[in-house]
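Architecture and fold: a report
Now for the letters of each chain:
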Amino acid sequence: MQKKIQSLRCVAAIGLWGSVILVTATSLFLLAAPWQIRQNDAVTQWMLIAGSVLAVLTASMSLLVIQKQIPLLRQREHLADKVEGYAAHIRSLYLSTLGVTFMLCLLMILSGQTTLLMLTIVVVLVLFLAYPNRYKMKNDLGLSDDDMRELFADDTTH
């Protein structure tokens, strides 16, 4: 179970900080690059629309998945099943959001539309809200103090 928790932490950190780095690098590129990629107005408009729809759908679907998945995980009988399901949930959420963030940053660069930056930041903020620390895990999975001791007995860093 300790490997699952370490894997969960690693995937969450990669997804979150990878998204933050992508957004930061993209905004710095748009701000400081000596050249810009320009499309015609129709293509730029459609890229802006596609990126906006993608960002809004990602943020809303992420929140919906969290809202639906967490109560189902809480109802599982065994601690190992809860942790394994939670790890799969976090892996899916964070890696898919990292992929969507990459696509949004690519659309931002190709269209030159910094309007997509604020929507991409909202998508990344959802990851901050869902970041799985030990207390959020306790609350999300409905763990008892004994379960927490079993999971984090040797963990003194958090």
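Summary of the structure given here. Everything numeric here is computed off the predicted structure, so don't read it as measured data.

A word on the overall build of the protein chain
If you tally the helices and strands in the protein chain, you get six helices and zero strands. Order of helices (α) and strands (β) in the protein chain, N terminus to C terminus: α-α-α-α-α-α. Principal axes of the C-alpha set define a box for the protein chain whose edges measure 60 × 30 × 20 Å. Looking at the 158 residues of the protein chain, the share that counts as buried comes to 37%. The long-range share in the protein chain, meaning contacts at least 24 apart out of those at least 6 apart in sequence, stands at 80%. For the protein chain, the exposed area adds up to about 9100 Å²; of that, 65% sits on carbon and sulfur atoms.

Considerations on the environment of Gly51
On the secondary structure map, Gly51 appears in helix α2 (residues 41-74). For the pair Gly51 and Cys105, spaced 54 residues apart in sequence, the C-alpha separation works out to 9.1 Å. Discounting chain neighbours no more than four positions away, the residues touching Gly51 are Leu104, Leu107 and Leu116.

A word on α2
For α2, which comprises 34 residues, the first-to-last C-alpha distance of 49 Å matches the rise-based estimate of 50 Å (1.5 Å per residue) to within 8%. When α2 is considered as a whole, its buried residues turn out to be Thr44, Met47, Leu48, Gly51, Ala55, Thr58, Ala59, Ser62, Ile66, Ile70 and Leu73. Of the surrounding secondary structure, the elements contacted by the buried residues of α2 are α3 (79-111), α4 (115-129) and α5 (134-141).

A word on the nonpolar core
Tyr86, Tyr94, Met137 and Leu151 are the most contacted members of the largest nonpolar core, which totals 22 residues. Among the elements that line this core, the one with the most residues is α3, at seven residues. Those residues in contact with Tyr94 that sit more than four places away from it in its chain are Val11, Ala12, Gly15, Leu16, Leu127, Ala130, Tyr131 and Pro132. Formed by nine residues, the second largest nonpolar core is a distinct cluster that contains Val23, Leu30, Leu107 and Leu116.

As for the pattern of salt bridges
Evaluation of the coordinates by the stated rule reveals three salt bridges. Ionic pairing is found between Asp140 and Lys136, a salt bridge with its closest N-O pair at 2.9 Å. Pair noted here: Asp140 and Lys136 are both in helix α5, with a separation of four residues, about one helical turn. The exposure class assigned to Lys136 is partly exposed, which follows from its relative accessible area of 22%. With a shortest N-O distance of 2.8 Å, Asp146 and Arg149 are connected by a salt bridge. Here Asp146 and its partner Arg149 are both found in helix α6 (residues 145-152), three residues apart, which amounts to about one turn of the helix. Assessed through its relative accessible area of 54%, Asp146 is described here as exposed.

Describing the packing of aromatic side chains
Tallied over the entire structure, the rule returns three aromatic pairs. With centroids separated by 6.4 Å and ring planes inclined at 75 degrees, the aromatic side chains of Tyr94 and Tyr131 adopt a geometry described as edge-to-face. Residue Tyr94 is located in helix α3, and its partner Tyr131 is located in the loop between α4 and α5; the two are separated by 37 residues in the primary sequence. By relative accessible area, Tyr94 is classed as buried at 0%. Note that Arg134 overlies the ring of Tyr135, its terminal NZ or CZ placed 5.9 Å from the centroid.

Definitions and limits used
Throughout this document, residue positions are counted from 1 along each chain, in the order its sequence is written. Reporting in this predicted model follows two pLDDT cut-offs: at least 70 for local features of residues, and 80 or more for side-chain atom pairs to be given and counted; totals over whole chains, interfaces and linings ignore these cut-offs and use all residues. Each side-chain value is worked out from all heavy atoms of the structure, with water and hydrogens disregarded. Each helix corresponds to a stretch of at least 4 residues labelled H or I by DSSP, and each strand to a stretch of at least 2 residues labelled E; elements are numbered beginning at the N terminus. To sort residues, take the accessible area from a 1.4 Å probe on protein chains only and compare it with the maximum for the residue type: under 20% means buried, over 50% means exposed, and anything in between is partly exposed. The criterion used for residue contact is that any of the two residues' heavy atoms lie within 4.5 Å. Reported accessibility uses the Shrake-Rupley method at a 1.4 Å probe radius. Residues are deemed covered only where the shown protein chains occlude them. Given a helix with a known number of residues, its expected span is that number minus one, times 1.5 Å. Remark: nonpolar core denotes a set of buried residues (Ala, Val, Leu, Ile, Met, Phe, Trp, Tyr, Cys) joined through side-chain atoms within 4.5 Å. Throughout this description, the term salt bridge denotes a Lys or Arg side-chain nitrogen within 4 Å of a carboxyl oxygen of Asp or Glu. By convention, a stacked pair of Phe, Tyr or Trp rings (six-membered ring in the case of Trp) has centres within 6.5 Å and planes under 30 degrees apart, an edge-to-face pair has planes over 60 apart, and any other such pair is tilted. When the NZ atom of lysine or the CZ atom of arginine is within 6 Å of a ring's centre and also within 35 degrees of its normal, the charge is said to sit over that ring.

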